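# Remarks on the overall topology
So the chains spell out like this:
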Amino acid sequence: MERQKGDDGDVTLPANASSKCGNIDSRDLVRTHTAAGAEEETVPVGGDLQKAARSEATIYDLCLELLKLVLSMMDCWEMFRARRVCQSWRLVIDEIVDDCRRERALRLSRGFVPAPATSLQLAVMARELPKLTQLKAPTAQTNTDLRLVAGACHALETANLCGFKLSVPALRRLALANASSMRELTLPAGISDEQLEALLEPLKVLELLDLSPPVASTGKWLRLLPRSLKRLLITGEKRIRNDEATAVPSLV
């Protein structure tokens, strides 16, 4: 099987997502035998669903519609990675993404612009709107992998990262891509010092930061707060704002 190369998050839809899975040649056939050993009939390798034991079936025996249903239920980032498995999976996953794009286009044509409800909807929107200015997690899902959008947004002014699955590389990539535009940032509870440092270092025009660092935080990230910061909101701690903003860099 041919493995697909490329960024896990990049999706290029083919003009025709049809698959050749329906074609059967002699290499796809096996012969069954009677108890006496005589050959009886020739059937596809996948087996006759009415005769073959279900324990012998694998995901490769699924029809395209069932395969599409199974793959669409995967974590969105892992689904994109699954495009590398084989050509058939790539085509099916591209069709899933294409369905999402068509649904979005239909809603836009009717003047209805809902917030993304799923990770896939968010990923599609981020690629269609690289100048997106606000970022929030999907409304119907939690733990969305930030890697899905970290490299697609280049003009964010406001970002609420609550509800995202964070990693140091993804945070750094997001910060570098939006270093000159990000002004308001809300972070989830328990974000680590390492993640904070990766995120804050590139941001030079940040004006508001709302976070809840872990109890064991060393506070080293405070050295990276930009001089542009006007409000620092720390859950459970004193709120630093407006007239105190000039003192923020000297907190360490």
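In this text the structure is predicted, and so the values were computed from the model without any measurement.

What follows concerns the nonpolar core. Core analysis: the largest hydrophobic core is formed by 55 residues, its most contacted members being Leu146, Leu161 and Leu209. Residues from two domains meet in this core; each of domain 1 (60-114) and domain 2 (130-238) gives at least three. When near neighbours in sequence (up to four residues on either side) are disregarded, Leu146 contacts Leu161, Phe164, Lys165, Leu166, Ala170, Leu171 and Leu174.

Relative to each other, helix α1 (residues 64-72) and helix α3 (residues 87-109) sit at 70°, their axes nearing to 10 Å. With respect to each other, α1 and α3 are oriented roughly perpendicular. In this structure, α1 meets α3 at a crossing whose hand is right-handed. Contact residues: Leu64, Leu67, Lys68, Leu71 and Ser72 in α1; Trp89, Val92, Ile93, Glu95, Ile96 and Asp99 in α3. A per-class count over the contact of α1 with α3 returns 7 nonpolar, 1 polar and 3 charged.

Here we come to the side chain of Asp145. Tracing the backbone shows Asp145 in strand β4 (residues 144-145). Of note is the side chain of Asp145, whose polar atom sits 2.7 Å from the side chain of Arg147. Once you skip the residues sitting within four places of it in the chain, Asp145 turns out to touch Trp77 and Lys165.

In this section: helix α5 (residues 168-177). Residues of α5 that are buried: Val168, Ala170, Leu171, Leu174 and Ala175. All buried residues of α5 fall inside an arc of 165° around its axis, so they share one side. Among the exposed residues of α5, those oriented more than 90 degrees off its buried face are Pro169 and Leu176.

This brings us to the UniProt feature "domain: F-box" (unreviewed entry) in the protein chain. Per the UniProt record, "domain: F-box" (unreviewed entry) is annotated on residues 60-94. Annotation note: span residues 60-94, helix share 69%, strand share 0%, distance between end C-alpha atoms 17 Å.

Scanning the entire structure with this criterion turns up 3 cavities of 30 Å³ or more. Quantified by volume, the largest cavity comes out at close to 150 Å³. Taken together, Cys100, Glu103, Arg104, Arg107, Leu108, Phe112, Val113, Pro114, Ala115, Pro116, Gln121 and Met125 form the lining of the largest cavity. Of all the secondary-structure elements, those providing two or more residues to the lining of the largest cavity are α3 and α4 (119-128). Per-element tally for the lining of the largest cavity: the top contributor is α3, with 5 residues. Residues of the lining of the largest cavity, tallied by class, amount to 8 nonpolar, 1 polar and 3 charged.

The subject of this paragraph is the pairing of strand β8 (residues 208-212). When you tally the buried positions in β8, you get 4 out of 5 residues, the bulk of the element. At this point the chain moves from strand β7 (residues 184-189), through helix α6 (residues 193-200), to the parallel β8, and the crossover so formed is right-handed. Across 4 bridges, the pairing between β8 and strand β9 (residues 231-234) is parallel. When the sheet's bridge partners are listed, Leu211 is paired in β9 with Ile234.

Cut-offs applied
Residues numbered from 1 in each chain as written. Predicted model: local features only at pLDDT ≥ 70, side-chain atom pairs only at ≥ 80, totals over all residues. Heavy atoms only, no water. Core = buried A, V, L, I, M, F, W, Y, C linked by side-chain atoms within 4.5 Å. Buried < 20%, exposed > 50% of the residue type's maximum accessible area, 1.4 Å probe, protein only. Domains from an automatic or database assignment. Contact = heavy atoms within 4.5 Å. Axes fitted to C-alpha atoms, helices over the stretch in contact; angles between N-to-C directions. Helix = DSSP H or I, 4+ residues; strand = E, 2+ residues; numbered from the N terminus. Parallel < 35°, antiparallel > 145°, perpendicular 65-115°, else oblique. Left-handed = near helix turned anticlockwise from the far one by under 90°. Nonpolar A, V, L, I, M, F, W, Y, C, P; charged D, E, K, R; others polar. Polar contact = N/O pair within 3.5 Å; in protein donor to acceptor, adjacent residues only side chain to side chain. Arc of directions from axis to C-beta. UniProt positions renumbered as here; feature names shortened; annotations may be inferred. 1 Å grid on protein atoms, 1.4 Å probe; cavity = no way out; pocket = protein on both sides within 12 Å on 5 of 7 lines; lining within 4 Å. Points joined across faces, edges and corners; volume = space filled by probe spheres on them. Right-handed = clockwise from strand over helix to strand, strands pointing away. Pairing = 2+ DSSP bridges.

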